[in-house]
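Architecture and fold: a report
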Amino acid sequence: VEPFLLSFQLASSNDLPQQKALMARFQQLEKEYLQRFTQWRKAGLDESLARDLIQYAHPPAQDFFLIANQEFFPAILRNDHANAEVALSKMSVSYDKHRIAINRVVAAAHQRAAQDESLAKHEVEVATVWQFGILIASLLLALGLAVRIRLSITKPLSEALEIAQHVASGDLSTRNSEVFHDEAGQLLLALEAMRLSLKNTLASAELAQRDAKLASQ
């Protein structure tokens, strides 16, 4: 856009130093454009984007700068306003072609950006669902482990308490119904061993008492 505006400033200027300054700025912009064009060619752009930039936008830009350097600037420096107007008209045609191609590139870039944004949003949503699923699965696993640990502790302790209460009341017939292999299970086994020992001791005492009674008769 700026080189095109500079052309109109040149066409309306009659001051030679100003004209040369504007031409120098124009040529600097041309150099920057060519550097960008080189970068576009090396960037590995999307096929349609590269086609619009290189095949459609670049040729009219080349014509624009070529007409400016070979026809417009010499006419300006000669104060040949008629030929300068003719050259500027040619440059305007090339500029319009270039702008049409650039507008197509911008529209395609916006569309591509929208597609990329939509794809990224979908990937984020999928990742969120997976993370939520993993979280729920982790919570269920943790809950299951907690229940299992609690049962492995509370159930043998409950049975141990029941045996101790029966033993305390004189009932030595109650025995544990299940074998556990952890610390609580070992406590239950110890109580069971104590119950059997007391039961055997009591049975021996009753037998000795019975034999003593028989002997005294």
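With that out of the way, let us pick up the pattern of salt bridges. Using the criterion set out here, one finds four salt bridges in the structure. The closest approach of N and O atoms between Asp-52 and Arg-104, which form a salt bridge, is 3.4 Å. Highlighted residues: Asp-52 in helix 3 (residues 47–77) and Arg-104 in helix 4 (residues 81–168), separated in sequence by 52 residues. With a relative accessible area of 37%, Arg-104 lands in the partly exposed category. As a salt-bridge pair, Arg-78 and Asp-80 come within 3.3 Å of each other at their nearest N and O atoms. Taking relative accessible area as the criterion, Arg-78 reaches 52% and is therefore assigned exposed.

Core analysis: the largest hydrophobic core is formed by 23 residues, its most contacted members being Leu-10, Phe-26, Phe-64, Phe-72, Phe-73, Ile-76 and Met-91. Those elements that provide at least two residues to this core are helix 1 (2–12), helix 2 (16–42), helix 3 and helix 4. Examining the composition of this core, we find that nine residues originate from one element, helix 3, more than from any other. If near-sequence neighbours (up to four positions away) are discounted, Phe-26 is found in contact with Pro-3, Leu-6, Ser-7, Phe-64, Phe-65, Ala-68, Phe-73 and Met-91. Of all hydrophobic cores here, the second largest spans five residues; its members include Leu-53, Ala-57, Ala-101 and Val-105.

On to the packing of helix 2 against helix 3, then. In the contact formed by helix 2 and helix 3, the axes pass within 12 Å of each other and the chain directions differ by 160 degrees. Classified by the angle between their axes, helix 2 and helix 3 sit roughly antiparallel to one another. Crossing handedness for the pair helix 2 and helix 3: left-handed. Counted together, Leu-16, Gln-19, Met-23, Phe-26, Gln-27, Glu-30, Tyr-33, Leu-34, Phe-37, Trp-40 and Arg-41 of helix 2 and Leu-53, Ile-54, Ala-57, His-58, Ala-61, Phe-64, Phe-65, Ala-68, Asn-69, Phe-73, Ile-76 and Leu-77 of helix 3 form the full contact between these two elements. Each residue belonging to the contact of helix 2 with helix 3 can be placed in one class, and the counts come to 17 nonpolar, four polar and two charged.

Another aspect to go through is the packing of aromatic side chains. The tally for this structure, following the rule as stated, stands at 10 aromatic pairs. Ring centres 6.4 Å apart and planes at 50 degrees place the aromatic pair Phe-64 and Tyr-95 in the tilted group. Here Phe-64, found in helix 3, pairs with Tyr-95, found in helix 4; they are 31 residues apart in sequence, far enough to count as distant. Residue Phe-64 is classed as buried on the basis of its relative accessible area of 5%. The class for Tyr-95 is buried, based on a relative accessible area of 14%. A connected cluster of aromatic rings, assembled from ring pairs, spans Phe-4, Phe-8, Phe-26, Tyr-33, Phe-64, Phe-65, Phe-72, Phe-73 and Tyr-95.

Tracing the backbone through its elements, the reader meets Ser-94 in helix 4. Judged by its relative accessible area of 7%, Ser-94 falls in the buried class. Apart from residues no more than four positions distant in its own chain, Ser-94 is found in contact with Pro-60, Asp-63, Phe-64 and Ile-67.

Attention shifts here to the side chain of Gln-19. By the element assignment, Gln-19 lies in helix 2. Non-local contacts of Gln-19, meaning those with residues more than four positions away in its chain, are made with Leu-10, Ser-13, Asn-14, Ile-76, Leu-77 and Asn-79.

Here the focus is the packing of helix 1 against helix 2. Two elements in contact, helix 1 and helix 2, have axes whose closest approach is 10 Å; the angle formed by their N-to-C orientations is 165 degrees. By the angle between their directions, the pair helix 1 and helix 2 is classed as roughly antiparallel. In this structure, the crossing between helix 1 and helix 2 has a hand that is left-handed. Note on element contacts: helix 2 touches helix 1 through Gln-19, Leu-22, Met-23, Arg-25, Phe-26 and Leu-29, opposite Glu-2, Pro-3, Leu-6, Ser-7, Gln-9 and Leu-10.

With a phi angle near 60 degrees, Asn-79 is a residue other than glycine that sits in the positive phi range. Tracing the backbone shows Asn-79 in the loop between helix 3 and helix 4. Assessed through its relative accessible area of 48%, Asn-79 is described here as partly exposed.

Thresholds, definitions, all that
- Starting from 1, residues in each chain are numbered consecutively following that chain's sequence as written.
- In view of the model being predicted, local features appear only for residues whose pLDDT reaches at least 70, and side-chain atom pairs are presented and counted only at 80 or more, with totals across whole chains, interfaces and linings using the full set of residues.
- Side-chain calculation: all heavy atoms of the structure are included, whereas hydrogens and water are not.
- Counted as salt bridges are all cases of a side-chain nitrogen of Lys or Arg within 4 Å of a carboxyl oxygen of Asp or Glu.
- For helices the rule is a DSSP run of H or I covering at least 4 residues; for strands it is a run of E covering at least 2, with both sets numbered from the N terminus onward.
- Buried means the residue's accessible area, taken with a 1.4 Å probe over protein chains only, is under 20% of the maximum for its type, while exposed means over 50%, and partly exposed covers the values in between.
- Remark: nonpolar core denotes a set of buried residues (Ala, Val, Leu, Ile, Met, Phe, Trp, Tyr, Cys) joined through side-chain atoms within 4.5 Å.
- Note on contacts: a residue pair is in contact if any heavy atoms of the two residues lie within 4.5 Å.
- Under this scheme, a helix contributes an axis fitted over its contacting stretch, all axes are lines through C-alpha atoms, and angles between N-to-C directions fall in the 0 to 180 degree range.
- Our angle categories are set so that under 35 degrees counts as roughly parallel, over 145 as roughly antiparallel, 65 to 115 as roughly perpendicular, and the remainder as oblique.
- Left-handed is the label given to a crossing in which the near helix is rotated counterclockwise from the far helix by less than a right angle, and right-handed is the label when the rotation is clockwise.
- Each residue is assigned to one class: nonpolar for Ala, Val, Leu, Ile, Met, Phe, Trp, Tyr, Cys and Pro, charged for Asp, Glu, Lys and Arg, and polar for all the others, Gly among them.
- Here the aromatic set is Phe, Tyr and Trp, taking the six-membered ring for Trp, and pairing holds for ring centres within 6.5 Å; pairs whose planes are under 30 degrees apart are stacked, those over 60 apart are edge-to-face, and all others are tilted.

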